[in-house]
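Here's the letter readout for the chains.
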Amino acid sequence: MLRSISPGRAPLAEYDSSVLWAALLLLTFGMVMVYSSSIAMAEASKFTGGKSAYFLERHALFLAASMFAGMLAFQVPVRLWQQAAPWLFVLGVALLALLLAPGLGREVNGARRWLSLGLATLQPSEFMKLFVVLYAADYTVRKLALMHSFKRGLLPMFAVMLVVGWLLLREPDFGAFVVITAIATGILFLGGMNGKWFGGLLVMMAAGFVGLVLSSPYRMQRIFGFMDPWSDPFGRGYQLSHALIAFGRGEWFGVGLGASVEKLLYLPEAHTDFLLAVIGEELGFVGVIAVIALFSWLVLRAFAIGRQAVALERPYPALVAQGIGVWFGVQSFINMGVNMGVLPTKGLTLPLMSFGGSSLLANCMALAMLLRIDWENRQLMRGTAA
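Residues numbered from 1 in each chain as written. Predicted model: local features only at pLDDT ≥ 70, side-chain atom pairs only at ≥ 80, totals over all residues. Heavy atoms only, no water.

### What to know about the overall build of the chain
A tally of regular secondary structure across the chain gives twelve helices and three strands. For 386 residues, the compact-globule estimate of 2.2 N^0.38 gives 21 Å, and the chain sits close to it at 21 Å. If one aligns the C-alpha atoms of the chain with their principal axes, the spans along those axes are about 60 × 45 × 40 Å. Looking at the 386 residues of the chain, the share that counts as buried comes to 51%. If you take every contact in the chain between residues at least 6 apart in sequence, the share linking residues at least 24 apart comes to 73%. When the accessible area of the chain is evaluated, it comes to approximately 17,400 Å², of which 69% is carbon and sulfur surface. Taking the average location of the 28 positive side-chain charges in the chain and that of its 20 negative ones, the two points are 10 Å from each other. (Helix = DSSP H or I, 4+ residues; strand = E, 2+ residues; numbered from the N terminus. Rg over C-alpha atoms; globule rule 2.2 N^0.38 Å. Buried < 20%, exposed > 50% of the residue type's maximum accessible area, 1.4 Å probe, protein only. Contact = heavy atoms within 4.5 Å. Areas by Shrake-Rupley, 256 points an atom, 1.4 Å probe, with all protein chains shown as cover. Lys, Arg positive; Asp, Glu negative; His and termini not counted. Charge placed at Lys NZ, Arg CZ, Asp CG, Glu CD.)

### Considering the sheet that holds strand E3 (residues 121-122)
Through backbone hydrogen bonds, the strands of a sheet pair up, either in parallel or in antiparallel fashion. With antiparallel pairing, three strands are arranged side by side in an open sheet as E1-E2-E3. Taken across any chain shown, the strands that pair with only one partner, and hence form the sheet edges, are strand E1 (105-108) and E3. Summarising the sheet, strand E2 (residues 111-116) and E3 pair through two bridges and their orientation is antiparallel. Directly across from serine 116, in E3, lies its bridge partner threonine 121. Relative to E2, helix H3 (residues 78-99) is tilted by about 110 degrees, and along the sheet it contacts E1, E2 and E3. (Pairing = 2+ DSSP bridges. Axes fitted to C-alpha atoms, helices over the stretch in contact; angles between N-to-C directions.)

### Regarding the packing of aromatic side chains
Considering all chains together, one arrives at nine aromatic pairs under this definition. Aromatic side chains phenylalanine 89 and tyrosine 135 sit 4.3 Å apart centroid to centroid with 20 degrees between the ring planes, which places their arrangement in the stacked category. Taken together, the positions of phenylalanine 89 in helix H3 and tyrosine 135 in helix H4 (residues 124-142) put the pair 46 residues apart, joining distant regions of the chain. Pair check on accessibility: phenylalanine 89 and tyrosine 135 agree, each one buried. Between phenylalanine 174 and phenylalanine 177 the ring centres are 6.0 Å apart and the planes differ by 35 degrees, which places this aromatic pair in the tilted class. (Phe/Tyr/Trp six-rings, centres within 6.5 Å; stacked < 30°, edge-to-face > 60°.)

Structural data, given as structure tokens:
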């Protein structure tokens, strides 16, 4: 049975404007910070031709395309997304498999995570997060009466996710693997998975994580670098040590927008994975807290919209909304934890803010679906009130 907390009476507006405004603030703030954090790298790179606004222009183009895709996604009824969910999941698996085909996957820094489309690249793992939300919610609704059975309820989904996990680890993309696993597990739990099986699954996941770390010297170095980055500040601890220096320089109110020193080719991936460190340096503790507050509000509203859907007896939209909340919550938490040295370094972007077309597109489509669920909830409430 779906887990729910009885919501209070919601105002009969067309949609939750606070979700839209929080998302727009993050998108706008992200574009400003991508520009600020990428100027030095753009000017120094031969690939960009020394054009300081190179990443800003591409990010603005990605953002425009993503917002347009989001507007289109909002027009699609949730029932159609449910019907398409299995096919979208198969498409996602096929795209992940294509990455491993010789000559198709583009390799950057030892990882094959991108498919070249000529003028742009596609990162299938970003879309797989969205497809897993849709598919896991559909699977859970179809198997709702069997959620207490390991063989008939949990095992089929577990087998499918093993295939997805194997493909992701072959790239390798351990960060996406963790997020996608959290999404699928979270949706199964919210859908009524047996508590004992859920506890056992968590133990298995923890054991699997330890096994993956011990079996890979690269991951072992990441763990040791995270535990004490200052023991090797010019080697395995280089990225984290510079991120921590950025936060330290920022103090309460930052050194000022555009005045970061770490972005001057000291901090790698400043405009993608470590964007929050630049925010911390330029805007200080206050800027970081503002970002955390906006993400927290989005996650809370996603779960509130899901609870409202439960109250209206709409199990699939409820699980999709809460799955989006799990996705944004887990990924933003991991990215922030990595930036602050709380978690081991992983290649995960900050949703809605970091540079990256695939990530922006998938994020905007997910938020559009969330707003659509909220809109449909309110339409039903209007009908009930009438």
